[in-house]
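# Structural description and commentary
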Amino acid sequence: MAMNDLEFRQRRLAFRAWHRGTREADLMIGGFADRHAASWGIAEIDWFEALLEEQDVDIMAWAIGKAVPPERFEGEQMAEMRKLDYIARSMR
């Protein structure tokens, strides 16, 4: 069965979200993708693809409220990212 373009983009985003370079960024950005990407349409995927082009330190600062994101990233998805309820806590 061939994968459609939307499924391909969702899978590519999930991979990119979990391979950021630091554990903290992987957990925050990858966890967000895991929680939400399956329900995203084209506009949400476009937004996340653009977000992934930004520096991890900036994305993380926007998500935890330490910095104001550029206007193009403000909105419902950034509000969801700011909830941080998608990050699994480990007791290790």
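Scroll up a little and you will see the structure.
Rules and cut-offs
- Residues numbered from 1 in each chain as written.
- Predicted model: local features only at pLDDT ≥ 70, side-chain atom pairs only at ≥ 80, totals over all residues.
- Heavy atoms only, no water.
- Axes fitted to C-alpha atoms, helices over the stretch in contact; angles between N-to-C directions.
- Helix = DSSP H or I, 4+ residues; strand = E, 2+ residues; numbered from the N terminus.
- Parallel < 35°, antiparallel > 145°, perpendicular 65-115°, else oblique.
- Left-handed = near helix turned anticlockwise from the far one by under 90°.
- Contact = heavy atoms within 4.5 Å.
- Nonpolar A, V, L, I, M, F, W, Y, C, P; charged D, E, K, R; others polar.
- Core = buried A, V, L, I, M, F, W, Y, C linked by side-chain atoms within 4.5 Å.
- Buried < 20%, exposed > 50% of the residue type's maximum accessible area, 1.4 Å probe, protein only.
- 1 Å grid on protein atoms, 1.4 Å probe; cavity = no way out; pocket = protein on both sides within 12 Å on 5 of 7 lines; lining within 4 Å.
- Points joined across faces, edges and corners; volume = space filled by probe spheres on them.
- Expected span 1.5 Å × (residues − 1).
- Arc of directions from axis to C-beta.
- Polar contact = N/O pair within 3.5 Å; in protein donor to acceptor, adjacent residues only side chain to side chain.

## Considering the packing of helix H2 (residues 23-36) against helix H4 (residues 56-64)
Axis separation between H2 and H4 bottoms out at 10 Å; the angle between their running directions is 55 degrees. One element, H2, and the other, H4, form an angle in the oblique class. Note on packing geometry: the crossing formed by H2 with H4 is left-handed. For the pair H2 and H4, the contacting residues are Glu-24, Ala-25, Met-28 and Ile-29 in the first and Asp-56, Ile-59, Met-60, Ala-63 and Ile-64 in the second. Within the contact of H2 with H4, the residues separate by chemical class into seven nonpolar, no polar and two charged.

## As for the nonpolar core
Counting residues in hydrophobic clusters, the biggest one holds 21 residues, and the most contacted among them are Phe-48, Leu-51 and Met-81. With five residues, H2 is the single largest residue contributor to this core. Residues in contact with Phe-48, not counting those within four places in the same chain, are Leu-13, Ala-17, Ile-29, Phe-32, Ala-33, Trp-40 and Met-81.

## Here's the deal with the layout of surface pockets
Its volume calculated, the largest pocket comes out at about 160 Å³. Together, Phe-32, His-36, Ser-39, Trp-40, Glu-44, Trp-47, Phe-73, Glu-74, Gly-75, Glu-76, Gln-77 and Glu-80 line the largest pocket. Mapped by element, the contributors of at least two residues to the lining of the largest pocket are H2, helix H3 (42-51) and helix H5 (76-83). Here the lining of the largest pocket takes three residues from H5, the largest share from any one element. For the lining of the largest pocket, the class distribution of residues is four nonpolar, four polar and four charged.

## With respect to the packing of H4 against H5
Where H4 contacts H5, the two axes come as close as 7 Å, and the packing angle between them is 80 degrees. One finds that H4 runs roughly perpendicular with respect to H5. Of H5, the residues touching H4 (which contributes Ile-59, Trp-62 and Ala-63) are Met-78, Met-81 and Arg-82. Counted by class, the contact of H4 with H5 contains five nonpolar, no polar and one charged residues.

## Considerations on helix H1 (residues 5-18)
Along its 14 residues, H1 runs 20 Å from first to last C-alpha, staying within 8% of the 20 Å computed at 1.5 Å per residue. Within the span of H1, buried status applies to Arg-9, Gln-10, Leu-13 and Ala-17. Buried residues of H1 fall within an arc of 100 degrees about the axis and therefore sit on the same side. Looking at H1, the residues exposed on the side facing more than 90 degrees away from the buried face are Arg-11 and Phe-15. Against H2 and H3 lie the buried residues of H1. The backbone nitrogen of Leu-6 lies 2.9 Å from a side-chain oxygen of the residue at the head of H1, namely Asn-4.

Just geometry here; none of it tells us what the structure is for.
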